[in-house]
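Reading the structure
Residue strings, one per chain:
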Amino acid sequence: MVSDVHKKIKAAFEAFDYETNNTVDVREIGTIIYSLGCFPSQTDLHDFIAEVEEDHTGYIHLDKFLPAMAKILLEHKYPPIPEDILLQAFEVLDKEKKGYLEPEELANYMTQEGELFTQEEMDEMLTALADHEKDLIYYKDILSQLTIDPEL
Amino acid sequence: MKAPARATRRIPSQTKKRIRAHSTFIYRAHKEVNPAGMRSLDLMASRLSFPKPVLLRLVSLEASRLSKTNRLKVVTLQEINAAVTLVQRRIAMKAAVLIQRWYRRYIARLEMRRRYTWNIFQSIEYAGEQDQLQLSSFFSFMLNNFTQLNGNGPESYTGPRLTFPLSVSDTNALLSAFKEQQSLHARYVLQLLYETKKLLKQMPNIIHLSTSYTKDITICGDLHGRLDDLLLIFYKNGLPSAETPYVFNGDFVDRGKKSIEVVMLLFAYLLLYPDNMHLNRGNHEDHIMNLRYGFTKEVMQKYKTHGREILQLFQDVFSLLPVATVIDGKVLIVHGGISDQTDLDFLSTIERHKVKSALRFPRRTLEQLDIGQSSRQMKRMISTDGSRPSSSRSHSKNQRTPNQRKRRCRISRQDSAVSISPSSSSSSSSSSSLCSPRTPSCLTPRPCPSSPSMTYTINVLHVPFLDSLTSVPPPSSPQHDQEWKQIVDILWSDPKTQEGCSPNTFRGGGCYFGPDITQRLLLQHGLQLLIRSHECKQEGYELCHGGQVITIFSASNYYEEGSNRGAYIKLGRDLVPRFYQYQVSRTTRKLTLTQRVRAAEGSALRALKEKLFTHRSELMSGFQQYDQNNTGSVSVSEWAQVLESVLRLDLPWRTLRPHLARLAADGSVEYQSCFENMEPGIPLSQVTPNLAETLFRYRTDIEIIFNIIDKDHSGLISIEEFRQTWRLFSAHLGVDIDDRAIDDLARSIDFNKDGSIDFT
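Each value, and the rule that gives it
Sequence order as written defines residue numbering, which begins from 1 separately in each chain. Each chain is given a letter, starting from A, and each ligand a number, starting from 1, according to the order in which they appear as written. The predicted nature of this model means local features are confined to residues of pLDDT at least 70 and side-chain atom pairs, given and counted, to a pLDDT of 80 or more, with totals for whole chains, interfaces and linings taken over all residues. Water and hydrogen atoms were dropped before computing side-chain values, which therefore reflect all heavy atoms in the structure. UniProt positions are given in the numbering used here, feature names are shortened, and annotations may be inferred rather than shown by experiment. The helix and strand labels rest on DSSP assignments: H or I over at least four residues marks a helix, E over at least two residues marks a strand, and numbering proceeds from the N terminus. For every residue, the accessible area obtained with a 1.4 Å probe (protein chains only) is divided by the maximum for its type, and the residue is called buried under 20%, exposed over 50%, and partly exposed between those limits. Note on definitions: a residue-residue contact is assigned when non-hydrogen atoms from the two residues lie within 4.5 Å. Areas reported here follow the Shrake-Rupley algorithm with a probe of radius 1.4 Å; residue values treat only the protein chains shown as occluding. Defined in terms of a 1.4 Å probe, buried area is the accessible area two parts forfeit on being brought together, summed over both. Throughout this description, the term salt bridge denotes a Lys or Arg side-chain nitrogen within 4 Å of a carboxyl oxygen of Asp or Glu. What qualifies as a polar contact is a pair of N or O atoms within 3.5 Å, subject to a donor-acceptor requirement within protein and to the restriction that residues adjacent in sequence count only when both atoms come from side chains. When residues are sorted by character, Ala, Val, Leu, Ile, Met, Phe, Trp, Tyr, Cys and Pro go into the nonpolar class, Asp, Glu, Lys and Arg into the charged class, and all the rest, Gly among them, into the polar class. Centres within 6.5 Å make a pair out of two Phe, Tyr or Trp rings, where for Trp the six-membered ring is used; the pair is then stacked when the planes are under 30 degrees apart, edge-to-face when over 60, and tilted otherwise. The rule for pairing is simple: two strands pair if DSSP sees at least two bridges between them. Working convention: axes come from line fits to C-alpha atoms, limited for helices to the stretch in contact. Angles between N-to-C directions cover 0 to 180 degrees. Definitions for this section: a left-handed crossing has its near helix turned counterclockwise from the far helix by less than a right angle. A right-handed crossing has that turn clockwise.

As annotated in an unreviewed UniProt entry, chain B carries the name Serine/threonine-protein phosphatase and is attributed to Larimichthys crocea. The UniProt entry for chain B carries the following comment under Sequence similarities (unreviewed entry): "Belongs to the PPP phosphatase family." Under the Cofactor (unreviewed entry) heading, UniProt states for chain B: "Mn(2+)".

Side note on the overall build of chain B
Of the regular secondary structure elements, chain B holds 27 helices and 19 strands. Expressed as a percentage of its 760 residues, the buried residues of chain B come to 57%. For chain B, contacts bridging at least 24 residues in sequence account for 74% of all contacts bridging at least 6. When the accessible area of chain B is evaluated, it comes to approximately 32500 Å², of which 51% is carbon and sulfur surface.

Section: the interface of chain B and chain A
With 44 residues of chain B in contact, the opposing surface of chain A contributes 51 residues. Its largest share of buried area at the contact with chain A, chain B owes to B:Trp102, B:Arg104 and B:Arg105, together 17% of the area lost on that side. At the surface where chain B touches chain A, the tally comes to 0 salt bridges. Between chain B and chain A we count 6 residue pairs in polar contact (both at pLDDT 80 or more) in total. Only helix H2 (35-48), helix H4 (77-126), helix H20 (593-614) and helix H23 (653-660) of chain B provide two or more residues apiece to the side of chain B that touches chain A. When residues in the side of chain B that touches chain A are grouped by element, the largest group, 25 residues, is from H4(B). When grouped by side-chain class, the residues that make up the side of chain B that touches chain A number 20 nonpolar, 10 polar and 14 charged.

Describing the UniProt feature "domain: EF-hand" (unreviewed entry) in chain B
Within the UniProt annotation, "domain: EF-hand" (unreviewed entry) is assigned to residues 614-649, 697-732 and 737-760 of chain B. Along residues 614-649 of chain B, the helical share is 67% and the strand share 6%, with 14 Å between the first and last C-alpha atoms.

Section: the packing of aromatic side chains
Counted by the stated rule, this structure contains 20 aromatic pairs over all chains. Ring centres 5.9 Å apart and planes at 85 degrees place the aromatic pair A:Phe48 and A:Phe65 in the edge-to-face group. Placement of A:Phe48 in helix H3 (residues 42-52) and of A:Phe65 in helix H4 (residues 62-75) is noted, with a sequence separation of 17 residues between them. In this structure A:Phe48 comes out as buried when scored by relative accessible area, which is 5%. Taking the centre distance of 5.4 Å and the plane angle of 35 degrees together, the rings of B:Phe314 and B:Phe318 count as tilted. One end of the pair is B:Phe314 and the other is B:Phe318, both in helix H12 (residues 307-320) and 4 residues apart, which spans about a single turn.

Focus: the sheet that holds strand E13 (residues 566-571) of chain B
Residue and element names in this part refer to chain B. Within the open sheet, the 5 strands sit side by side as E4-E3-E2-E13-E14. Their pairing is mixed. Edge positions in the sheet fall to strand E4 (277-279) and strand E14 (577-582), since each has one partner strand and no second. Ignoring strand direction, the axes of neighbouring strands in this sheet form an average angle of 20 degrees. Where E13 meets E14, 6 bridges bridge the pair, whose relative direction is antiparallel. Across the sheet, residue Ala567 finds its bridge partner in E14, namely Gln581. The strands that helix H9 (residues 259-272) touches are strand E3 (246-248) and E4; relative to E4, the one it contacts most, it runs at about 130 degrees.

Notes on the packing of helix H21 (residues 616-626) of chain B against helix H22 (residues 636-647) of chain B
Residues and elements named next belong to chain B. In contact at an axis separation of 10 Å, H21 and H22 are set at 145 degrees when each is read in the N-to-C sense. Here the hand of the crossing between H21 and H22 comes out right-handed. Listed contacts from H22 to Glu618, Leu619, Gly622, Phe623 and Tyr626 of H21 are Glu638, Trp639, Gln641, Val642, Leu643 and Val646. Tallied by class, the residues present in the contact of H21 with H22 amount to 7 nonpolar, 2 polar and 2 charged.

Considering the side chain of B:His545
Take B:His545: it is sitting in the loop between strand E11 (541-544) and strand E12 (549-552). Among all residues touching B:His545, those that are not within four sequence positions of it are B:Pro495, B:Lys496, B:Phe513, B:Gly514, B:Pro515 and B:Thr518.

A few points about the side chain of B:Thr342
Residues and elements named next belong to chain B. By the element assignment, Thr342 lies in the loop between strand E6 (331-333) and helix H13 (344-347). In this structure the side chain of Thr342 is engaged in a polar contact, spanning 2.8 Å, whose partner is the backbone nitrogen of Ser339. In contact with Thr342, not counting residues within four places along its chain, are Gln486, Asp489, Ile490 and Leu521.

Topic: the packing of helix H6 (residues 103-112) of chain A against helix H7 (residues 119-129) of chain A
All names here are of chain A. Running from N to C, H6 and H7 cross one another at 145 degrees; their axes reach a closest spacing of 11 Å. Relative to H7, the crossing made by H6 is right-handed. Residue-level inspection shows Pro103, Leu106, Ala107, Met110 and Thr111 of H6 in contact with H7, the latter providing Met122, Met125 and Leu126. Taken together, the residues that form the contact of H6 with H7 break down as 7 nonpolar, 1 polar and no charged.

Things to note about the pairing of strand E10 (residues 529-532) of chain B
All names here are of chain B. By the alternation rule, side chains of E10 split into Leu529 and Ile531 and Leu530 and Arg532, which are all buried. In terms of strand pairing, E6 meets E10 through 3 bridges, oriented parallel. Following the sheet pairing, Ile333 is matched in E10 by Ile531. Both E10 and E12 contribute to a ladder of 3 bridges, which runs parallel. Opposite Ile531, over in E12, you have Ile550 as the bridge partner.

Considerations on the sheet that holds strand E15 (residues 633-634) of chain B
All names here are of chain B. Taken in spatial order, the 3 strands make up an open sheet running E15-E17-E16, and their pairing is antiparallel. Only two strands of the sheet have a single neighbouring strand rather than two, namely E15 and strand E16 (662-663). Summarising the sheet, E16 and strand E17 (residues 669-670) pair through 2 bridges and their orientation is antiparallel. Bridge pairing links Arg662 to Glu670 in E17.

See the structure below:
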């Protein structure tokens, strides 16, 4: 069980190890952790990076990453968001209970509240989530579409 | 009203009960006094489907904090409203955070998939094929013997006719002809190539350009036979002219289906505007790469009669292409990159046309690796081959002394054995391929003093067709090795993020160069920017080494529809690059990342499944070793292990497993399921599995060979011809196929039983 976890972590790590020397750029760590099924917040991420980074070189070595990540996975430290909570979150933003969100509405929240989105992230999200003809975000529909597949 | 208890910052649990009562009390108490406030509270509760007591608690806490009258008897309407807004905001923020976090994770998952897909494509792209050497030599032999026998069809050519020296009307004619899917007659192709060759001979190795005469110089990257991308660039940016100079940075051919059209256009414009059109050589401007990656096939298919002649001219023209361009003495443009030994001054003095192919193995290193015996035998074979009359047919080849034939087969096996000693079966080695110089892992530990960063396969093409082999200057001096290395480094290297310079083991040629190498070279020659291509980038371009290196790639949708954009650079007097992106696609709607990843993934997985099928028997025997009890399944790790060792592709097999194989109820992998859903197109149930696989593996090459044999272009070949061809083929491969199996095969393909085979 533990070795399976290790292998999973290694595979995810190696996808970003461009020079095949067991290091990845620190900026890719978030992607790696997310893809392994964890939902850390930005602060959690920062703390994690501080733990495993190689003295501010900007790189993280597999030797440090593997045990730390394995611990997180085995402890289920950053559990995923259940779909119904996510739905509620959308409903909170949809103040008038229309059943959909306008792109500007969503953009306002995403770029000004919480763990702010960059403009790029916002654009990509809108392209991905918005219904193309009406240019509205029907959040109930997309939730089922976009909930992560279990493996890959 | 009664004075309620005081609300404090910290809320010990006993107090909580009181506060709960307290808030209900406030609520009741204020229902009449602050109806508006309470209504808004109600509304909020219902909207949020929050349990009202919780909401009330939050609000009253907030309200108490806001309350000016600290003793908290009565909370005013404004304070309640303010509290409501505040709580609302907090909840909204929490919701936003949830959504952001979820979305980021979703994107990360997608990014991971995209990366895996990319890895699949890249691994397959440069993975060697078994016995590619023997196949190429066989193929070349076929070309030698069969192409001359094709007759000319009736002359009813309606395509463009060129007059030399070229004029704008000629290039326009070419453009419109190619847009209409017409092709250029062989005669004009040859003429154009001949003129290009003459022109290129006068050019230096490194071209120096200046922006002072023109507005902007446009720099394009790899095109790889994508005519649509080239036409799109011309459409967006303008046709080449005195006002619109271009630099094309190599890799015009291979992989795409319209390499000939692309390169004809580029050469035509080169002839038309020699001062405003500049072409750098890429690693695919190399006749041996072309054999493997599709250009040779395209030429032979489109020009059956003159194909060989055309290819020979291309070989010369490619080796005459300049290797670098420098703009204003400040911007260096090369196809691949640099190494720590790149010396631009030295580079400008060498005779570049002598380096016909990156895969020419310097003789000296050959001897050093101590296979003198086989190289001597090889030399002997070259002379025997060379003396063979060119009109000999397959019969005479069969009639060759059995001794000679045996020796040839033995040599080939010996060669491949040397290069892949660890594995006994030579089948799945990704190392013996000549065409993609891939460093076999077993050779790397061997020291090679003169060229420490190069360890190559020992196989050398010994075919008469490629007469340049015999014209290679005999004993190679260190000078020659050096020259060859300089060019190979320029055409094959890739940048890396960490410092230093290491051999490029992935490609088997050139180096990985770090930012310090770039810095050093730029400083040394007073340059400020290196522009290169050679690697596909998702956005069509990418900066690295702190902006000192730019990768520019101009073939959009390179791996698959939606996989990547193409881009080009415009450089003005200020030498500040401006990037222009585009994507050729069937639909105009912008694809989301999800769709693009899905499309690319599907394509990559299909390619991967094909590879699995191709190596079926080796994989099966590997699986069976772990499955002694014949249960039909192995553990996931064992499954991954077998795949890794047979296919030699560095991929995350466990993560890909769900797409490739089924799990049994106990979590083990049913390995047979890897090979489902694969239809090779030729039902060969009676034939041995090995034959089916071999056929499948070489189907594209077989198609070409078929086309050559099929002289009257009827689409049919006789069974006898097929038999002979197949016998030769298997002799070359060293695969033992008995005649009966071939006959069965032929018969099974011949569906209408009329004695001839049609190739579908």
